[in-house]
Amino acid sequence: MSFLIRNYQESDAPAILEIINDSILNTAHNYDYEPKSLGEITSQFGVKIQEGFPILVGEVNGEVLGYATFGKFRAKPGYNKTIEHSIYLNKKAQGKGLGSEMMRQLIQIASDKGYHVMIAGMDSENSGSYRFHARFGFKEVARMPEVGFKFGKWQTLVFMQLTLELKL
């Protein structure tokens, strides 16, 4: 699969909205219940851009198939060198290398910006995400049973982390 990874543009929001809402409605990978609106996505991504966080978009033949971003892990200043990331792909792009390339670029951007740790949070049943992150050197650091609830059952949240090589 030949793909292009570039910076987000507001015109990407409708395709990203479809990817996010599919995850909300059809998986336990995203603990939201209600689909997002286009306004919510454009607003959320506008804030990320204002705060200096990257949003990468992956496309094939002009079609947006995924996005990757990171942002604050927690709001207190003691966490300023730790970020949490997200990568979401539509079904057409999964297992084709697009997510891996976006992850490589996110890690490089985070390292270049002087972040120390990148966090990945995922549902314990999302074994594909777990294996994906392990390939990049992420290590499991926490397993929090029954902290989420979706589709009528309690969900276990897993945190994995990667210590970044600083490029200061």
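Rules of the game
Residues numbered from 1 in each chain as written. Predicted model: local features only at pLDDT ≥ 70, side-chain atom pairs only at ≥ 80, totals over all residues. Heavy atoms only, no water. Helix = DSSP H or I, 4+ residues; strand = E, 2+ residues; numbered from the N terminus. Rg over C-alpha atoms; globule rule 2.2 N^0.38 Å. Buried < 20%, exposed > 50% of the residue type's maximum accessible area, 1.4 Å probe, protein only. Lys, Arg positive; Asp, Glu negative; His and termini not counted. Charge placed at Lys NZ, Arg CZ, Asp CG, Glu CD. Polar contact = N/O pair within 3.5 Å; in protein donor to acceptor, adjacent residues only side chain to side chain. Contact = heavy atoms within 4.5 Å. Pairing = 2+ DSSP bridges. Axes fitted to C-alpha atoms, helices over the stretch in contact; angles between N-to-C directions. Phe/Tyr/Trp six-rings, centres within 6.5 Å; stacked < 30°, edge-to-face > 60°. Parallel < 35°, antiparallel > 145°, perpendicular 65-115°, else oblique. Nonpolar A, V, L, I, M, F, W, Y, C, P; charged D, E, K, R; others polar. Patch = residues over 30% accessible without salt bridge, like charges linked within 9 Å, V, L, I, M, F, W, Y side chains within 5 Å. Areas by Shrake-Rupley, 256 points an atom, 1.4 Å probe, with all protein chains shown as cover. Salt bridge = Lys/Arg side-chain N within 4 Å of Asp/Glu carboxyl O. Left-handed = near helix turned anticlockwise from the far one by under 90°.

A tally of helices and strands in the chain yields four helices and seven strands. Computed over the C-alpha atoms, the radius of gyration of the chain is 15 Å, within 12% of the 15 Å expected from 2.2 N^0.38 for a compact globule of 168 residues. In terms of overall dimensions, the chain has a C-alpha envelope of 45 × 35 × 30 Å along the principal axes. Within the chain, the fraction of its 168 residues that count as buried is 44%. In the chain, 19 positive and 18 negative side-chain charges are present, and the distance between their average locations comes to 6 Å.

For the rest of this paragraph, the subject is the side chain of Arg6. Note that Arg6 resides in strand β1 (residues 4-7). The exposure class of Arg6 is buried, given its relative accessible area of 18%. Within the structure, Arg6 has its side chain in polar contact with the side chain of Asp12 (distance 2.6 Å). Polar contacts involving the side chain of Arg6 include one to the side chain of Glu59, which spans 2.8 Å. Each residue touching Arg6, except ones within four places of it in the same chain, is listed here: Asp12, Ile55, Leu56, Val57, Glu59 and Val64.

To continue, consider the sheet that holds strand β4 (residues 82-89). Backbone hydrogen bonds hold the strands of a sheet together, and the pairing may be parallel or antiparallel. One open sheet accounts for seven strands, arranged β1-β2-β3-β4-β5-β7-β6; its pairing is mixed. In the strand order of this sheet, the two ends are held by β1 and β6 (139-150), each with one partner. Recorded for the sheet is a direction-independent mean angle of 25° between the axes of neighbouring strands. Here strand β2 (residues 55-60) pairs with strand β3 (residues 63-72) via six bridges, running antiparallel. Paired with Ile55 across the bridge in β3 is Thr69. Contacts between helix α2 (residues 38-50) and the sheet are confined to β2 and β3, with β3 contributing the most and set at about 55° to the helix.

Here the focus is the packing of aromatic side chains. As enumerated under the stated definition, the model contains nine aromatic pairs in all. Aromatic pair Tyr8 and Phe45: ring centres 5.1 Å apart, planes at 75°, arrangement edge-to-face. Placement of the pair is Tyr8 in the loop between β1 and α1 (13-26) and Phe45 in helix α2, with a sequence separation of 37 residues. Here the two residues Tyr8 and Phe45 agree in accessibility, since each one is buried. Note on Phe149 and Trp154: the rings are 4.8 Å apart at their centroids and 65° apart in plane angle, and the pair reads as edge-to-face.

Here α1 crosses α2 at 105°, and the two axes come no closer than 9 Å. One way to sum up the angle between α1 and α2 is to call them roughly perpendicular. Every residue of α2 that contacts α1 at Ala13, Pro14, Ile16, Leu17 and Ile20 is listed here: Leu38, Ile41, Thr42 and Phe45. Residue composition of the contact of α1 with α2, by class: eight nonpolar, one polar and no charged.

On the surface, a nonpolar cluster with roughly 350 Å² of combined accessible area is contributed by Tyr33, Phe149 and Trp154. Checked against the element boundaries, Phe149 lands in strand β6.

One way to put it is that helix α3 (residues 98-112) packs onto helix α4 (residues 127-135) with a least axis distance of 11 Å and a crossing angle of 45°. Between α3 and α4, the crossing angle belongs to the class labelled oblique. Viewed along their axes, α3 and α4 form a crossing whose handedness is right-handed. Here α3 contributes Gly99, Ser100 and Met103 to the contact with α4, which in turn contributes Phe132, His133 and Arg135. Considered class by class, the residues forming the contact of α3 with α4 number two nonpolar, three polar and one charged.

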